[in-house]
Amino acid sequence: MAKLKFIIILLFGLMLMVPDSYAQRRGRSFSQKAGPIWNGGHANRVCPRVCSRARAKWTGGWWTTRPGRMSVCQCNRNKKKYRSHRISRIKKAKFRRFCRVTKHRAWRAVNRCARYSRGSKRRLGRCFNRLKRIYGKNRRFMRHCKRQIRQITNHARRLYVRQRGYRPPRRNWKRRYCNVKYRQSIRKMRKCNRIRKRRNLAYVRKFRNCARRVARNQSRQLRRRGCYRKANHLNRSVSRRIAWRSRWVRRYSYRYKRNYCRNNGNKAVSSIYRCLRRPKFAKGCANKVERRYKRRLKRRRCRFQVRRITRFTRTVKRIAQNRLRRGPRYASRGKANKCRVTVRASRNNFKKCSRRVRAGKNKCLKMFERYYERKLKKMRCNKRLVREMRRHLRAYRGKPIRKTASFKGKGRSPRVLAACKARANKLRIKVNRCLKTRNVRKCMEGIQRKHERPMKKAGCGKEANQIGQYAEARTRSLMSKRKGSKGKFCRQHKMMAMQRVGKCASGKSSKSKRACVNRMVIKQKWFRTFKQKCRGEGDDVDDHIENKIK
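Residues numbered from 1 in each chain as written. Predicted model: local features only at pLDDT ≥ 70, side-chain atom pairs only at ≥ 80, totals over all residues. Heavy atoms only, no water.

1. Quick notes on the sheet that holds strand 2 (residues 57-66)
For step 1, the next point in the chain: Read across the open sheet, the three strands follow the order 1-3-2; overall the sheet is antiparallel. Looking at which strands have only one partner, the edges of the open sheet turn out to be strand 1 (29-35) and strand 2. Within the sheet, the average angular offset between the axes of one strand and its neighbour, ignoring direction, is 30 degrees.
For step 2, the next point in the chain: Direction of pairing for strand 1 relative to strand 3 (residues 70-76): antiparallel, over a ladder of six bridges. Residue pairing in the sheet places Phe-30 in a bridge with Cys-75 of strand 3.
For step 3, the next point in the chain: The strands that helix 2 (residues 40-53) touches are strand 1, strand 2 and strand 3; relative to strand 2, the one it contacts most, it runs at about 115 degrees. (Pairing = 2+ DSSP bridges. Helix = DSSP H or I, 4+ residues; strand = E, 2+ residues; numbered from the N terminus. Axes fitted to C-alpha atoms, helices over the stretch in contact; angles between N-to-C directions. Contact = heavy atoms within 4.5 Å.)

Okay, here's the thing in structure tokens:
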């Protein structure tokens, strides 16, 4: 009896297993990943949903592939009920209009190919291949419009067969008409060109909309009359014009971004630097400012400025730490501000002193000068601020009277005399150098123009006059030594050379003038002889050349 029971249970189990294995052999059952499944109740909730997504039904089986991570549900798909290539009635109705419209477009494109090819099968085949590539990219059309694709293909084959004897007649009147219409459409583009040029996106958008509107309307009229080539040509020319007008938009948008990044980076740096006023709290202050500006700059992808702020924050933290370590003198709050406030206060006190009587004024100014110099030194302020304080003091003491050579009052101070003497010695050295040059007069004029007026302004008028007399005397003696023989030959050839230099000086450019003089110096034999025999006159001619030809 026990054996019989065992046999019955075994047969019942085999009967349950047969459909499953049969379905697996037929390829209708498959496993689908469902994530971690913990028990049978969880499987009852998860597996039906997983199998319905795969367009199938749950068989009731599941198992774990990776414990605690992944389990699998067994699904069964009935081929008759779930066919992936079948389309529902709703989808068919949805794509019916799309297929019809696309078919008509493709049909017209095929007819256009036949018209353009002009009896050439090769050209027609190329045109059809181009259309095939264009419409092959439209996945909706290729997937849902099988019947329409067959119709277009059959139509193209018929045209290809007939193409051998196809010779369209020449229509000169049509060509002329198309040219006229094309010129009219180009003229209509002038109203778009009248839009005022501004280098911003709003101007480009206005021009682009206007140009596209004109191109759309005119190309439609051209195509209605059979002028397809001209219509395409018009569209291409309009596209080129739009591209040309908007060529700098990207560049300026980039420039705007670059300026934005740079400005915000500079603001961040100055804000972080202010945190050093309180070294104890500099770390928290710098971190706060860094976060705020980094968030702003990362939105605009300002990577360089983000890195710059990071580096600067690190440096500021290190400086603050060093100041705290070195003691309260270096970490004093607002040291720079205190110095500026002190200089401002000195200016106000000097101003009050200047309102007093002469004797009291000088005494007051001296007292405040000593006080503020001591204070700024004690605070270790910048030297620039000390100089600024002294400048204020000079301003409120009154403008000093400039002592020049024509001053008839008291004599000059020893300091001014020493400075004038040193200046005069330097100027004398320059004059002696000038005497060794070829064009002495010109050199002396340059020295006088450069140094005479500044020396007189500085109170060295007497020394300036002495140097001028010295230079004049030395120049006169040198020119008298340079004078050569007073013979007839030297005088005549000197006149000839002067005339020739005058003719050369009438040239347009300095290059042509110099070339003219060089020709005379190198090629003319009489000029070389003149230079050898008459040294004084030759030097005069050289000076004349330098003056005339610069």
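2. A closer look at the side chain of Ser-271
For step 1, the next point in the chain: Counting through the fold element by element, Ser-271 comes out in helix 11 (residues 249-274).
For step 2, the next point in the chain: A relative accessible area of 14% means that Ser-271 is categorised as buried.
For step 3, the next point in the chain: Here the side chain of Ser-271 touches Lys-267 through a polar contact of 2.9 Å, landing on its backbone oxygen.
For step 4, the next point in the chain: Not counting residues up to four positions away in its chain, the partners in contact with Ser-271 are Val-289 and Tyr-293. (Buried < 20%, exposed > 50% of the residue type's maximum accessible area, 1.4 Å probe, protein only. Polar contact = N/O pair within 3.5 Å; in protein donor to acceptor, adjacent residues only side chain to side chain.)

3. A few points about the state of the cysteines
For step 1, the next point in the chain: By the definition in use, this model includes 14 disulfides.
For step 2, the next point in the chain: Sulfur-sulfur distance for the disulfide between Cys-178 and Cys-227 comes to 1.9 Å. Its S-S torsion of about -75 degrees marks the bond between Cys-178 and Cys-227 as left-handed, since a negative value means left-handed. Taken together, the positions of Cys-178 in helix 7 (residues 172-188) and Cys-227 in the loop between helix 9 (201-224) and helix 10 (228-245) put the pair 49 residues apart, joining distant regions of the chain.
For step 3, the next point in the chain: You can call Cys-178 buried: its relative accessible area is 7%.
For step 4, the next point in the chain: Taking relative accessible area as the criterion, Cys-227 reaches 2% and is therefore assigned buried. (Disulfide = S-S within 2.5 Å.)

4. Concerning the environment of Thr-313
For step 1, the next point in the chain: The topology assignment puts Thr-313 in helix 13 (residues 303-326).
For step 2, the next point in the chain: In sequence terms Thr-313 and Ile-272 are 41 residues apart; their C-alpha atoms lie 6.7 Å from each other.
For step 3, the next point in the chain: Among all residues touching Thr-313, those that are not within four sequence positions of it are Ile-272, Ala-286, Asn-287 and Glu-290.

5. So, the packing of helix 20 (residues 488-505) against helix 22 (residues 525-533)
For step 1, the next point in the chain: Where helix 20 meets helix 22, the closest approach of the two axes is 10 Å, and the angle between their N-to-C directions is 130 degrees. Judged by the angle between their axes, helix 20 and helix 22 are oblique. At the point where helix 20 passes helix 22, the crossing takes the left-handed sense. For the pair helix 20 and helix 22, contact is made by Phe-489, Cys-490, His-493, Lys-494, Met-496 and Ala-497 and by Trp-526, Phe-527, Thr-529, Phe-530 and Lys-533, respectively.
For step 2, the next point in the chain: Among the residues forming the contact of helix 20 with helix 22, the class breakdown is seven nonpolar, two polar and two charged. (Parallel < 35°, antiparallel > 145°, perpendicular 65-115°, else oblique. Left-handed = near helix turned anticlockwise from the far one by under 90°. Nonpolar A, V, L, I, M, F, W, Y, C, P; charged D, E, K, R; others polar.)

6. Quick notes on the confidence of the model for the protein chain
For step 1, the next point in the chain: Summarising the model, the protein chain shows a mean pLDDT of 78, and 81% of its residues fall at 70 or more.
For step 2, the next point in the chain: Highest mean pLDDT in the protein chain belongs to strand 3 (93); lowest belongs to helix 1 (residues 2-26) (43).
For step 3, the next point in the chain: With pLDDT under 50 throughout, residues 81-87 is counted as low confidence; its partners more than four residues away or in other chains account for nine contacts.
For step 4, the next point in the chain: Contacts from residues 399-409, a stretch scored under 50 in pLDDT, to residues over four places away or in other chains number ten contacts. (pLDDT = per-residue confidence, 0-100.)

7. Digging into the nonpolar core
For step 1, the next point in the chain: With 18 residues, the main nonpolar core has Phe-98, Val-110, Cys-113, Phe-128, Leu-131 and Phe-141 as its most contacted residues.
For step 2, the next point in the chain: Going through the elements one at a time, helix 3 (89-117), helix 4 (121-136) and helix 6 (146-162) are the ones with two or more residues in this core.
For step 3, the next point in the chain: It is helix 3 that contributes the most residues to this core, eight residues altogether.
For step 4, the next point in the chain: Aside from chain neighbours lying at most four places away, what touches Phe-141 is Phe-98, Cys-99, Thr-102, Lys-103, Tyr-135, Gln-148, Ile-149 and Ile-152.
For step 5, the next point in the chain: Of all hydrophobic cores here, the second largest spans 17 residues; its members include Ala-215, Leu-222, Ala-231 and Val-238. (Core = buried A, V, L, I, M, F, W, Y, C linked by side-chain atoms within 4.5 Å.)

8. Section: the environment of Tyr-182
For step 1, the next point in the chain: Here Tyr-182 lies in helix 7.
For step 2, the next point in the chain: Given the relative accessible area of 13%, Tyr-182 is considered buried.

9. Notes on the pattern of salt bridges
For step 1, the next point in the chain: Under the defined criterion, the tally for this structure stands at four salt bridges.
For step 2, the next point in the chain: Notably, a salt bridge pairs Asp-540 with Lys-494, separated by 3.3 Å at the nearest N-O pair. Placement of Asp-540 in helix 23 (residues 535-548) and of Lys-494 in helix 20 is noted, with a sequence separation of 46 residues between them.
For step 3, the next point in the chain: For Asp-540, a relative accessible area of 25% gives the class partly exposed.
For step 4, the next point in the chain: Since its relative accessible area comes to 23%, Lys-494 is described here as partly exposed. (Salt bridge = Lys/Arg side-chain N within 4 Å of Asp/Glu carboxyl O.)

10. Points about the packing of aromatic side chains
For step 1, the next point in the chain: Taken as a whole, this structure holds six aromatic pairs when the rule is applied.
For step 2, the next point in the chain: Arranged with centres 6.3 Å apart and planes meeting at 75 degrees, the rings of Phe-350 and Tyr-372 form a pair that is edge-to-face. Of this pair, Phe-350 sits in helix 14 (residues 335-354) while Tyr-372 sits in helix 15 (residues 358-378); the two residues are 22 residues apart in sequence, bridging distant segments of the chain.
For step 3, the next point in the chain: Given the relative accessible area of 5%, Tyr-372 is considered buried.
For step 4, the next point in the chain: On the numbers, 6.0 Å between centres and 25 degrees between planes, the contact of Phe-368 with Tyr-372 is stacked. Of this pair, Phe-368 and Tyr-372 both sit in helix 15, separated by four residues, roughly a single helical turn. An identical accessibility class is assigned to Phe-368 and Tyr-372; each is buried.
For step 5, the next point in the chain: Cluster of aromatic residues (ring-pair linked, three or more members): Phe-350, Phe-368, Tyr-371 and Tyr-372.
For step 6, the next point in the chain: Over the ring of Phe-98 we find Arg-140, and its NZ or CZ is 4.3 Å from the ring centre. (Phe/Tyr/Trp six-rings, centres within 6.5 Å; stacked < 30°, edge-to-face > 60°. Lys NZ or Arg CZ within 6 Å of the ring centre and 35° of its normal.)

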